Amino acid sequence: MFGIKPLGDRVVIKRVEAEEKTTGGLILTSAAKEMPNMAEVVAVGPGTKDEPMELKVGDKVIFAKYGGTDVKYEGEEYTIMRQGEILAVIE
């Protein structure tokens, strides 16, 4: 069981690492890599009466670039955000 339990309509996500190479095969320097807007959902809250929880653990999602609150837990970095800040689920 994951140690952070989000409340209400919040979810905890872990960002997917940025690619080291472009599709054309160019290797990117660390300065050229941007923080990815893709992540995996690692914990979900119960939802609220007005906003039922639609996401589930394991969903791959795209989220708003500047949304959420970054936290460090047991040496790993996570972001806690409202479900409404998640833009799409990758199927």
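Residues numbered from 1 in each chain as written. Predicted model: local features only at pLDDT ≥ 70, side-chain atom pairs only at ≥ 80, totals over all residues. Heavy atoms only, no water.

### Structural notes on unusual backbone geometry
Which entries qualify depends on this criterion: Buried residues are those whose accessible area, probed at 1.4 Å on protein chains only, stays under 20% of the maximum for their type, while exposed residues exceed 50% and partly exposed ones sit between those limits.
Here Glu-74, not a glycine, exhibits a phi torsion of approximately 50 degrees, which is positive. Using a relative accessible area of 69% as the deciding quantity, one classes Glu-74 as exposed.

### Some words on the sheet that holds strand S2 (residues 38–44)
We count it as follows: A pair of strands counts as paired when DSSP detects no fewer than two bridges linking them. Starting at the N terminus, helices and strands are each numbered in turn, a helix being any DSSP run of H or I of at least four residues and a strand any DSSP run of E of at least two. Lines fitted to C-alpha atoms define the axes, with helix axes restricted to the stretch in contact, and inter-axis angles between N-to-C directions lie between 0 and 180 degrees.
Pairing is antiparallel in the open sheet, where six strands are placed in the order S4-S5-S1-S2-S3-S6. Looking at the sheet topology across the chains shown, the edges are occupied by strand S4 (69–73) and strand S6 (86–90). Mean inter-strand twist for the sheet, computed between neighbouring axes without regard to direction, equals 40 degrees. Note that strand S1 (residues 10–15) and strand S5 (residues 76–82) share four bridges and pair antiparallel. From the neighbouring strand, Val-12 faces S5, where its bridge partner is Ile-80.

### Considerations on the pattern of salt bridges
Opposite charge on two side chains allows them to pair when their charged atoms are near. So the rule is basically this: Between Lys or Arg on one side and Asp or Glu on the other, a salt bridge is scored when a side-chain nitrogen of the former is within 4 Å of a carboxyl oxygen of the latter.
Summed over all chains, the structure comprises five salt bridges. Notably, a salt bridge pairs Arg-82 with Asp-9, separated by 2.6 Å at the nearest N-O pair. With Arg-82 in strand S5 and Asp-9 in the segment before S1, this pair connects stretches of sequence that are 73 residues apart. On the basis of relative accessible area, Asp-9 is assigned to the buried category, the value being 8%.

### Some points on the side chain of Thr-79
The line we're drawing: Distance and chemistry together define a polar contact, namely a pair of N or O atoms within 3.5 Å, with one atom able to donate a hydrogen and the other to accept it when in protein, and with adjacent residues in sequence counting only for side-chain atoms on both sides. By the convention used here, residues are in contact when the closest approach between their heavy atoms is within 4.5 Å.
Within the fold, Thr-79 resides in strand S5. On the basis of relative accessible area, Thr-79 is assigned to the buried category, the value being 1%. For Thr-79, the side chain forms a polar contact with the side chain of Asp-70, separated by 2.8 Å. Excluding residues within four positions of it along the chain, Thr-79 makes contact with Val-11, Val-12, Ile-13, Arg-15, Gly-67, Gly-68, Thr-69 and Asp-70.

### Description of the nonpolar core
In plain terms, the rule: To qualify as a nonpolar core, a set must consist of buried Ala, Val, Leu, Ile, Met, Phe, Trp, Tyr and Cys residues joined through side-chain atoms within 4.5 Å.
By size, the foremost hydrophobic cluster in this structure holds ten residues: Val-11, Ile-13, Ala-39, Val-41, Met-53, Leu-55, Val-61, Phe-63, Met-81 and Ile-86. Of all elements in the fold, only S1, S2 and strand S3 (60–63) reach the threshold of two or more residues within this core. Setting aside anything within four residues of it in sequence, one finds Ala-39 in contact with Ile-13, Lys-14, Arg-15, Val-16, Asp-59, Lys-60, Val-61 and Phe-63.

### Let's talk about the packing of aromatic side chains
The criterion, for reference: Here a pair means two rings of Phe, Tyr or Trp (six-membered ring of Trp) with centres within 6.5 Å. Their orientation is stacked below 30 degrees between planes, edge-to-face above 60, and tilted elsewhere.
This model, assessed by the stated rule, comprises two aromatic pairs. With 5.9 Å between their ring centres and 65 degrees between their planes, Phe-2 and Tyr-73 make a pair best called edge-to-face. Separated by 71 residues along the polypeptide, Phe-2 in the segment before S1 and Tyr-73 in strand S4 bring together distant segments of the chain. Summarising the aromatic geometry, the rings of Phe-2 and Tyr-78 are spaced 5.0 Å apart at their centres and angled 70 degrees between planes, so their arrangement reads as edge-to-face. Taken together, the residues Phe-2 in the segment before S1 and Tyr-78 in strand S5 connect sequence positions 76 residues apart.

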